Amino acid sequence: MPLLDSKTGKILKDYTIEELKERANYMRGLDMLSLCSGQSGHSGGTLSMMDILSSLYLKVAKHDPKNPVWDERDRIVWSAGHKAPALYIVLAVSGYFPEQELAKLRMLGAPFQGHPHRKDLAGVEISSGSLGQGLSVAVGMALAAKLDNKKHKVFAITSDGEHQEGSIWEAVMEAGNFKLNNLINIIDFNRLQIDGLVKEVQDIEPLVDKYKAFKWDVIDIDGHSIEQIVPALEKGCQATEKPTLILARTIKGKGVSFMENVVGWHGKPPNREEMVKALEELGLSKRFDVEAFMKVGKDHQAMIERKLESNMPKFSKDYWWNKQEIMKVEMDPTRKGLGRALDEYGGDERVVCIGADISDSITISDFYKNHPERKKRWISVGVAEQGGTTVAAGLAKEGKLPVFGTYGVFSSARNLDQLRVSVSYGDFNVLIVGAHGGISVGPDGATHQELEALFQMCGLPNMKVGVPADSVETKKMTRAMLFDIPGPKYIRFAREATPVISDGNTPFQFGVANIYRFRGEKGSFREAFDVNLSTEYKSEKENLTIVSCGPETPEAMRAAWILKMEYGIETRVINMHTVKPFDLEAIIGAARETGAIITAEEHQVGGLGNYVAAAVAKEMASIGRAIPFLMIGVNDRFGESGLPWQLIKEFELAAEFIADKAKRLLNLK
């Protein structure tokens, strides 16, 4: 059934096959425009979806853009949440909102998150982004329809690489056994994932036979032939006994020659020149007012920047990174430190690295890139974090030094039970890498911004937890964890380039905090600070202590600079790079000697702060007086899409907020 008015039952427009083809091509043009405007997002997998989406949303599924919560609507669940730009585009073309709003893709303050969130935008049924979960949600929705005797259908949109997740197969089993004939799963089978060809990373074939074995009907089609797509969808809606799989064989990057079948275009947007070329190939150069479209995005970004700036505490001058002719700092992604360490130290034959489809992104693949002889010690498990974790445990059991890495949201949460039982309880020598920690991950949004790992990891017995402050410290910590620290260990680091505050000569000892002291403005930010191990530091009776970890440590240092220059306040900055085991003596000494403490973390507030608070409370009991104390972090909310430094300001984690709150805290002394 085509788009309709749910109140009158009137068909809004019944598209012909040729019109659906035109709409699919038009949506590809919108895709290139919105991705270019947002300068972030997935090109390949969104382009491959457009023929399927025009058929589904404009011809087959029952839904009403004017009444998005109409109870009789068909439900469309996006399990492959990284293809969100395609979802937003087809909603716009269906009439849910003006098309030019798509220019705000992945921008702070816009409803078009990097991965869809149901509370942001009408027409989005579920929040998704962690692969493999959406199909199970769709099973639950189909069961609910059965229980309530409702006639609507539930469509799930999944990807081929996603079928490496074990949770997919639990859902497939359930749907077949429950005879959910109201469920239609559409697989965008474009054959490519981030690490390469699906069949070479982790082959999922024979997919048709597998689904049939799980009691599904299967329709195998050309995913770019609308003449095949529409009948397949209609047949799925008429199923009487079994759930239906529509295996849509597609071309990743379809319609744009330089993107087609190219792995590198998985999570990459086109630049302006590439966008113009793509529109030419699609025959749409004169179809869009490109300048007007781009202006919507630029105006939105300018508005957000003004809003963020107006909310920032003000001082006598601008202390933001590299804004002055002095206190210059080098920026480098902390994740690079992992790659450099594995490249340099991976020659030890015991080291085995396990990738989970985002290997280049987190730099774990640097282990073998310059050392082809190491490829035999490289294991790619694909999109299978739970399996990768337990494989690591088995390798460690046999004397290897396994390193398993993926985004922190997947390496500390999705596999938490495997970490708890197979790794920590077994006390195996496994290094778990949690990349993309914090909200500064940026446009990918909440599902990919790891803000909870310290609660999860520090809560596991036997687990050691490190949160290095910069890329240099990340390299040092990786080496220490590999060879010096036995048992389970977790390292958390960021994605984007952050300030480098240390060098090869900076002291580093696992389990011992570093103390930074601002000594006056210099040409280099790093050289403006003295740094010592906490065990070697002599108190200077400072006015305040700021305790931090990870890339929030440079913000704490910048706050110390502001406090000194603006108010003459002397600050002890503790870089608690090892959160577990915790340097208790460093905190007790700071509480006793400075008399006021703030914690600052790019994490849900309390991940680091609760450990410090417990130590401060213990010291308060011993000295018999209160110590002013404050925790700064993410305050019980999920992250959002936006530019990394915008998010540091939006979540009030920037040094300006730390300094402002510190000044107020000191008024309590």
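Right, let's walk through the structure included here.

1. Thoughts on the overall build of the protein
Looking only at helices and strands, the protein has 24 helices and 24 strands in total. At 26 Å, the protein has a C-alpha radius of gyration in line with the 26 Å of a compact globule built from 669 residues. Across the 669 residues that make up the protein, the buried fraction comes to 62%. Within the protein, contacts between residues at least 6 apart in sequence are counted, and of these 78% link residues at least 24 apart. Accessible surface, the protein as shown: approximately 24,700 Å² in total, 50% of it carbon and sulfur. Between the averaged position of the 83 positive side-chain charges in the protein and that of its 89 negative side-chain charges there is a distance of 2 Å.

2. Describing the environment of Ile658
Inspection of the secondary structure assignment puts Ile658 in helix H24 (residues 655–666). Owing to a relative accessible area of 0%, Ile658 belongs among the buried residues under this scheme. In this structure, the C-alpha to C-alpha distance between Ile658 and Leu197, residues 461 residues apart in sequence, is 46 Å. The residues contacting Ile658, other than those within four sequence positions of it, are Ile546, Glu552, Glu555, Ala556, Ala559, Ile598, Ala600, Ile632 and Leu653.

3. Observations regarding the packing of helix H1 (residues 17–38) against helix H3 (residues 50–60)
The N-to-C vectors of H1 and H3 enclose an angle of 120°; their axes lie 8 Å apart at closest approach. Between H1 and H3, the angle falls in the class oblique. In the crossing of H1 with H3, the sense of the turn from one axis to the other is right-handed. In this structure, H1 contributes Leu20, Arg23, Ala24, Met27, Arg28 and Asp31 to the contact, and H3 contributes Met50, Asp51, Leu53, Ser54, Ser55, Leu58 and Lys59.

4. Remarks on empty space enclosed by the protein
Counting across every chain of the model gives four cavities of 30 Å³ or more. Estimates place the volume of the largest cavity at around 90 Å³. Lining the largest cavity we find Ser440, Glu496, Ala497, Thr498, Pro499, Pro551, Glu552, Glu555, Glu602, Pro644, Trp645 and Ile648. Broken down by secondary-structure element, the contributors of at least two residues to the lining of the largest cavity are strand S17 (497–499), helix H20 (552–567) and helix H23 (644–650).

5. Digging into the side chain of Asn514
Secondary-structure assignment places Asn514 in strand S18 (residues 514–518). Residue classification places Asn514 among the buried positions, given a relative accessible area of 0%. In terms of polar contacts, Asn514 uses its side chain to reach the backbone carbonyl oxygen of Pro507, at 2.9 Å. In this structure, Asn514 is in contact with Glu473, Thr506, Pro507, Val531, Asn532, Leu533, Val573, Ile574, Asn575 and His577, ignoring residues within four places of it in sequence.

6. Overview of the packing of aromatic side chains
Remark: the centre distance and the inter-plane angle together describe each pair of aromatic rings, the angle taken between the planes. As enumerated under the stated definition, the model contains 17 aromatic pairs in all. On the numbers, 5.5 Å between centres and 55° between planes, the contact of Trp169 with Tyr211 is tilted. Of this pair, Trp169 sits in helix H6 (residues 166–177) while Tyr211 sits in helix H8 (residues 207–213), and the two are 42 residues apart along the sequence. For Tyr211, a relative accessible area of 0% gives the class buried. Between the NZ or CZ atom of Arg249 and the centre of the ring of Phe189, over which it lies, the distance is 5.3 Å.

7. What to know about the side chain of Arg492
Checked against the element boundaries, Arg492 lands in strand S16 (residues 489–492). Polar side-chain contacts of Arg492 include one of 2.8 Å to the backbone oxygen of Glu602. Beyond its immediate stretch of four places on either side in the chain, Arg492 contacts Gly434, Gly437, Gly438, Glu450, Leu451, Gly466, Val467, Pro468, Glu602 and His603.

8. Observations regarding H6
Between its first and last C-alpha atoms H6 spans 17 Å; for twelve residues at 1.5 Å apiece the expected length is 16 Å, and the two agree. All buried positions along H6 are accounted for by Ser167, Ile168, Trp169, Ala171, Val172, Ala175 and Gly176. Tucked inside the fold, the buried residues of H6 contact helix H5 (134–147), strand S4 (154–159), strand S5 (183–189), H8 and helix H16 (408–414). Positive phi appears at Lys179, one or two residues downstream of H6, with a value of about 55°.

9. Observations regarding the sheet that holds strand S22 (residues 578–580)
Read across the sheet, seven strands follow the order S12-S11-S13-S14-S16-S15-S22 without closing on themselves; strand pairing throughout is mixed. The sheet is open, and its two edges are formed by strand S12 (378–380) and S22, each paired on a single side. Between one strand and the next, the sheet's axes are offset by a mean angle of 20°, whatever the strand orientation. Relative to strand S13 (residues 401–407), strand S11 (residues 351–355) runs parallel, the two sharing five bridges.

10. Comments concerning the nonpolar core
With 67 residues, the main nonpolar core has Leu53, Leu56, Tyr57, Trp78, Tyr88, Phe97 and Phe155 as its most contacted residues. Aside from chain neighbours lying at most four places away, what touches Phe97 is Tyr88, Leu91, Ala92, Leu102, Phe112 and Leu121. Core analysis: the next-biggest nonpolar cluster, separate from the first, contains 47 residues, Leu308, Phe315, Met557 and Ala655 among them.

11. Quick look at unusual backbone geometry
Cis geometry is found at the peptide bond from Glu205 to Pro206, where omega equals 0°. For Pro206, the position within the fold is in the loop between helix H7 (198–202) and H8. Look at Thr363: it is not a glycine, yet its phi comes out positive at around 70°. Thr363 sits in the buried class, given a relative accessible area of 2%.

12. Concerning the sheet that holds strand S20 (residues 544–548)
On the basis of which strands lie adjacent, the open sheet formed by six strands has the order S19-S18-S21-S20-S23-S24 and mixed pairing. Because the sheet does not close on itself, it has two edges, and the strands there are strand S19 (529–533) and strand S24 (629–634). With direction set aside, neighbouring strand axes in the sheet form an average angle of 20°. With four bridges joining them, S20 and strand S23 (residues 597–604) adopt parallel strand pairing.

Rules and cut-offs
- Residues numbered from 1 in each chain as written.
- Predicted model: local features only at pLDDT ≥ 70, side-chain atom pairs only at ≥ 80, totals over all residues.
- Heavy atoms only, no water.
- Helix = DSSP H or I, 4+ residues; strand = E, 2+ residues; numbered from the N terminus.
- Rg over C-alpha atoms; globule rule 2.2 N^0.38 Å.
- Buried < 20%, exposed > 50% of the residue type's maximum accessible area, 1.4 Å probe, protein only.
- Contact = heavy atoms within 4.5 Å.
- Areas by Shrake-Rupley, 256 points an atom, 1.4 Å probe, with all protein chains shown as cover.
- Lys, Arg positive; Asp, Glu negative; His and termini not counted.
- Charge placed at Lys NZ, Arg CZ, Asp CG, Glu CD.
- Axes fitted to C-alpha atoms, helices over the stretch in contact; angles between N-to-C directions.
- Parallel < 35°, antiparallel > 145°, perpendicular 65-115°, else oblique.
- Left-handed = near helix turned anticlockwise from the far one by under 90°.
- 1 Å grid on protein atoms, 1.4 Å probe; cavity = no way out; pocket = protein on both sides within 12 Å on 5 of 7 lines; lining within 4 Å.
- Points joined across faces, edges and corners; volume = space filled by probe spheres on them.
- Polar contact = N/O pair within 3.5 Å; in protein donor to acceptor, adjacent residues only side chain to side chain.
- Phe/Tyr/Trp six-rings, centres within 6.5 Å; stacked < 30°, edge-to-face > 60°.
- Lys NZ or Arg CZ within 6 Å of the ring centre and 35° of its normal.
- Expected span 1.5 Å × (residues − 1).
- Pairing = 2+ DSSP bridges.
- Core = buried A, V, L, I, M, F, W, Y, C linked by side-chain atoms within 4.5 Å.

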